[in-house]
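# Commentary on secondary and tertiary structure
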Amino acid sequence: MTASATPASPSGTADEGGHKLPRPGSFYDVPGWFYNGDVVLFDWFLGRQSRLDQRGDLLEMGAYMGKSAIMMRSYLRPDETFTVCDLFDSDQEAADISAHNEREMRGSYATLTRRAFEANYLSFHERLPRILQAPTSVVPDEVEDGSCRFVHVDASHMYEHVHPDIDAARAALGEDGLVVLDDFRSEHTPGVSCATWQAVLEGGLRPVCVTSQKFYGTWGDPKAVQDELHAELKERGDCWLQYQDVAGHRLLLVGGRKAAPPPVPASRHAKGTGRAEGQGQRQEAGRGPGGRPRPTLARRAARELLPPIVARPLARALARR
């Protein structure tokens, strides 16, 4: 199968059957398994790269409906390239797909099409990324070695595919680049687990941290970024943190389910928006789905620890501030 890097028309808003595609009004309306702890960490790692002026392209292998891609694009500089590789609704040759993957594609991903991905993505950004509509096996030929600073791997769950995907990520990443591996510990994805820890034990991959869904690692030195991450998350006070030693590697466990979400990309279809790309792309920090304010730690503490007759007026006063 050859890679297709030609974008479809940005104006397309209907699927192949002529049905109107949804126009998400907020980041949280986009379907996908991109949980709060990982939203916090994507923002932290990509934001840190921006602060340190770490240069390089972005790469995502496996996009589903575009939720993580929408967020990654918000950290792209004008002179950098964002490449997304996914089969989308391509015909899949029997030699390239296992029975397990075929069942998965017909079940969870039955609604996945390139048009749906593009409709979601263009609800937040004016231009599409570079799209490779092909198996991830094309990545080594399509992405220059050492050109990337951040790679998200979320494609096949089968060992025979994930193992070369990790190798492709290693080749694509520059010095101190970061790889994120999805579903490294789910009960239905043992192939991802095996490939991930094999890369740690045999392939030089060094862990930085893990959440319930994703593994964050580097082939560079993880100490500085790991120390900084631990210090900042500890100061936030809303993440569960624990260090463990795993096969001689220091590993930071992060629980961020209750963490205050970071700014997220703002939909161009949200009421009262219509700003140009690069201006107001992310919603205000501390706001949840639909832009509703999330209570601060002080307000939550007042509500949970004080008697209602005291807590309510105090919470209202803090909200006004």
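Here, the structure is the one placed above.
The paragraphs below set out a description of the structure included in this document. (Residues numbered from 1 in each chain as written. Predicted model: local features only at pLDDT ≥ 70, side-chain atom pairs only at ≥ 80, totals over all residues. Heavy atoms only, no water.)

Attention shifts here to the side chain of D183. Relative to the elements of secondary structure, D183 occurs in the loop between β5 (173-182) and α7 (190-202). Although D183 is buried, it makes no salt bridge; K214 carries the closest opposite charge, 7.2 Å away. Polar side-chain contacts of D183 include one of 2.9 Å to the side chain of S186. (Helix = DSSP H or I, 4+ residues; strand = E, 2+ residues; numbered from the N terminus. Buried < 20%, exposed > 50% of the residue type's maximum accessible area, 1.4 Å probe, protein only. Lys, Arg positive; Asp, Glu negative; His and termini not counted. Salt bridge = Lys/Arg side-chain N within 4 Å of Asp/Glu carboxyl O. Polar contact = N/O pair within 3.5 Å; in protein donor to acceptor, adjacent residues only side chain to side chain.)

What follows is about the sheet that holds strand β7 (residues 214-218). The nine strands lie next to each other as β3-β2-β1-β4-β5-β7-β6-β9-β8, forming an open sheet whose pairing is mixed. The open sheet has two edge strands, β3 (130-133) and β8 (240-246), and neither has a second partner. Averaged over all neighbouring strand pairs, the angle between strand axes comes to 20°, with direction disregarded. Bridging between strand β2 (residues 82-86) and β3 involves four bridges; their strand directions are parallel. What sits directly across from C85, in β3, is L132. Across the sheet, helix α6 (residues 159-172) is in contact with β1 (57-61), β4 (148-153) and β5; its angle to β5 comes to roughly 150°. (Pairing = 2+ DSSP bridges. Axes fitted to C-alpha atoms, helices over the stretch in contact; angles between N-to-C directions. Contact = heavy atoms within 4.5 Å.)

With that settled, the discussion passes to the nonpolar core. Counting residues in hydrophobic clusters, the biggest one holds 41 residues, and the most contacted among them are F42, F45, F150 and C209. Within the residue set of this core, elements represented by two or more residues are α1 (36-51), α2 (67-73), β2, α4 (114-122), β5, β6 (206-210), α8 (223-236) and β9 (249-255). A per-element tally of this core places α1 first, with seven residues. The next biggest cluster of nonpolar side chains, apart from the first, holds 29 residues, and it includes C148, A168, V179 and V210. (Core = buried A, V, L, I, M, F, W, Y, C linked by side-chain atoms within 4.5 Å.)

A separate point is the packing of α6 against α7. The interhelical angle for the contact between α6 and α7, taken along N-to-C directions, is 35°, at an axis separation of 8 Å. Relative to α7, the crossing made by α6 is right-handed. Between α6 and α7, the contacting residues are Y159, V162, H163 and I166 on the first element and G191, V192, C194, A195, T196, Q198 and A199 on the second. Partitioned by chemical class, the residues of the contact of α6 with α7 number seven nonpolar, four polar and no charged. (Left-handed = near helix turned anticlockwise from the far one by under 90°. Nonpolar A, V, L, I, M, F, W, Y, C, P; charged D, E, K, R; others polar.)

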